[in-house]
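Listed below, chain by chain, are the residues.
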Amino acid sequence: MKKIKCPFCGYEMPIQYDEEKAKAKGLFVKCKGRKCKKEFEIKINVK
Ligand SMILES: [Zn+2]
């Protein structure tokens, strides 16, 4: 299993996914890093 990381600060989000099975786009989460809090899209196995 892999964890979602914030592309801005590298904070590891409490979201895990299966590298081989997961496919995602259009999902947005807010970074929980204290100084970051930016919203980013979760993209897994999509171009
Ligand atoms: Zn962040």
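Preceding this section is the structure that the text describes.
Described below are features of the structure shown in this document. (Residues numbered from 1 in each chain as written. Predicted model: local features only at pLDDT ≥ 70, side-chain atom pairs only at ≥ 80, totals over all residues.)

Moving on to the overall build of the protein. Scanning the protein for helices and strands turns up 0 helices and 4 strands. Mapped from its N terminus to its C terminus, the protein presents α and β elements in the order β-β-β-β. C-alpha extents for the protein along the principal axes are approximately 30 × 20 × 10 Å. Within the protein, the proportion of its 47 residues that are buried is 4%. Counted over contacts in the protein with a minimum sequence separation of 6, partners at least 24 positions apart contribute 21%. (Helix = DSSP H or I, 4+ residues; strand = E, 2+ residues; numbered from the N terminus. Buried ≥ 20, exposed ≤ 12 C-beta atoms within 10 Å, placed from the backbone. Contact = placed C-beta atoms within 7 Å.)

So, on to the environment of E41. Within the secondary structure, E41 is located in strand β4 (residues 39–44). Accessibility expressed as a C-beta count within 10 Å gives 11 for E41, which makes it exposed. Sequence separation between E41 and C6 is 35 residues, and the spatial gap between their C-alpha atoms is 9.2 Å. Those residues in contact with E41, other than ones at most four positions away along the chain, are K25, G26, L27 and F28.

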